[in-house]
Amino acid sequence: MSTPHLPVAVIGGGLGGLTAARVLHVNGIESAIFDLEPGPQARTQGGMLDIHEDNGQKALRAAGLHDHFLKIVHEGGQAMRLLGPDGTVHVSTEDDGDGDRPEVDRGDLRDLLLNSLPDGTVHWGRKVTGARPLGEGRHEVAFADGSAVTTDLLIGADGAWSRIRPLLSDARPAYTGISFVETDLHEADARHPRSAALIGGGFFIALGDERGFLAHRETDGSLHVYAALKADEGWLDTVDFSDEAAAKAAVLARFEGWDEGLRALVADAETITPRRIHALPVGHRWDRVPGVTLLGDAAHVMSPFAGEGANLAMYDGAELALALAAHPGDTEAALTAYEEALFPRSEACAAESAASLDSMFGTNGLERMIGFFTTGPAGP
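Residues numbered from 1 in each chain as written. Predicted model: local features only at pLDDT ≥ 70, side-chain atom pairs only at ≥ 80, totals over all residues. Heavy atoms only, no water.

Undergrad: Would you explain the side chain of Ser116 in this entry?
TA: Along the polypeptide, Ser116 turns up in the loop between helix H4 (106-115) and strand E7 (122-123). Within the structure, the side chain of Ser116 is placed 2.7 Å from the backbone oxygen of Leu113, a separation counted as a polar contact. The residues contacting Ser116, other than those within four sequence positions of it, are Arg22, His25 and Leu65. (Helix = DSSP H or I, 4+ residues; strand = E, 2+ residues; numbered from the N terminus. Polar contact = N/O pair within 3.5 Å; in protein donor to acceptor, adjacent residues only side chain to side chain. Contact = heavy atoms within 4.5 Å.)

Quick look at the structure:
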């Protein structure tokens, strides 16, 4: 059998890859997405995202989807509370509807993008095992099922542990020193009213002693919580997460003396999942290689503490697609223009994210964040 050849192959069906394919489609350029998940409903997408006016929403406008996006915004989601370890509320703001970072459920946003693509654009169950150059800008991508495709333009949108990145860069994400333990409290108003009242209607932060809780209320009425800790890279491996009670006890031991309402965000949870936070070096970039580029976390995975990851992925995807549309017949000119803007943009956001990590989980994290939210980034 001959290997199928495609003009544009996008590896990864996350928000960035989907946005790239959608904006290409709007501009009359065909592409194919290959994703390792067996199907669109293979797993819950999880988490709320604040979509920024200056990048994520620009991408949605380029995709012709901004009006549809406004219909799935979580009303009240821009409310915010900042607490200390003793449960004292230091900052509280309501969502007045005038903010430029409306919250949306990641799964709803992904569905919006998926449903905007022609049938058959996404090829599910295609896990990449490797990619190699064929010369003259063409590449071959091999999949775990034994199949392969060749393409004139290979776009790596396959996340932090990208299989496409090695074609361009030897860089690998490094542990940031922060570990998350994620929990969910379902049907919060009915089953966990104290926690529901504590979190409120939007985003929630509690900080102190180089650790904290980050949480938000999701559109299905559940609470999604991240217990964040400065910890050695191997600490999560010492915890048996198959034993829910033991895992909760291990996490709560790191929050000894904290307010019981805050500790309940772990103690009363229905799920508990570990996650290390990794990042590529700030300023990660590569020399131009014909016929291949990266976007989103594949290009610049960073810690989540500037809230830019999903926004940048979508903006990258839109900007890449627009560059290709602006340079018909000259892929290299398009990729050069895209990367010349990508590198400084992602470097600035990665630096902001790293600085936010240091501020939040430093010795005076609570005081720094009170200053940030009350007087702006130049505050104490």
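Undergrad: How do you make sense of the side chain of His192 when you look at a structure like this?
TA: Summarising the element assignment, His192 is placed in the loop between helix H5 (188-191) and helix H6 (193-199). Assessed through its relative accessible area of 10%, His192 is described here as buried. Ignoring anything within four residues of it in the chain, the contact list for His192 reads Leu185, His186, Glu187, Asp268 and Glu270. (Buried < 20%, exposed > 50% of the residue type's maximum accessible area, 1.4 Å probe, protein only.)

Undergrad: What is the right way to look at the nonpolar core in this model?
TA: Generally speaking, a soluble globular protein has its nonpolar side chains buried in company with each other. Of all hydrophobic cores here, the largest spans 56 residues; its most connected members are Phe34 and Leu109. Looking at which element gives the most residues to this core, the answer is helix H10 (residues 309-326), with seven residues. (Core = buried A, V, L, I, M, F, W, Y, C linked by side-chain atoms within 4.5 Å.)

Undergrad: Explain the pattern of salt bridges here, please?
TA: Any two side chains of opposite charge can pair if their charged atoms end up close together. The final tally for this structure, using the stated rule, is 15 salt bridges. We note a salt bridge from Asp189 to Arg217, for which the minimum N-O separation is 3.3 Å. Linking Asp189 in helix H5 with Arg217 in strand E13 (residues 211-217), this pair joins segments that are 28 residues apart in sequence. Residue Asp189 is classed as exposed on the basis of its relative accessible area of 53%. Overall, the relative accessible area of 14% leaves Arg217 in the buried class. Through salt bridges with shared partners, a single network forms among Glu187, Arg191 and Glu270. (Salt bridge = Lys/Arg side-chain N within 4 Å of Asp/Glu carboxyl O.)

Undergrad: How should I be thinking about the sheet that holds strand E4 (residues 80-83) in this particular structure?
TA: Backbone hydrogen bonds are what pair the strands of a sheet, in a parallel or an antiparallel way. If you walk across this open sheet you meet the seven strands as E5-E4-E12-E13-E14-E11-E15, and the pairing is mixed. The open sheet has two edge strands with one neighbour each: strand E5 (89-93) and strand E15 (271-279). Taken over all neighbouring pairs, the strand axes of this sheet differ in orientation by 15 degrees on average, direction set aside. Alignment of strand E11 (residues 174-185) against E15, held across eight bridges, turns out to be antiparallel. Its bridge partner lying in E15, Asp184 is registered against Thr271. Taken strand by strand, helix H7 (residues 244-253) contacts E11, strand E14 (223-230) and E15, and its axis lies near 50 degrees from that of E15. (Pairing = 2+ DSSP bridges. Axes fitted to C-alpha atoms, helices over the stretch in contact; angles between N-to-C directions.)

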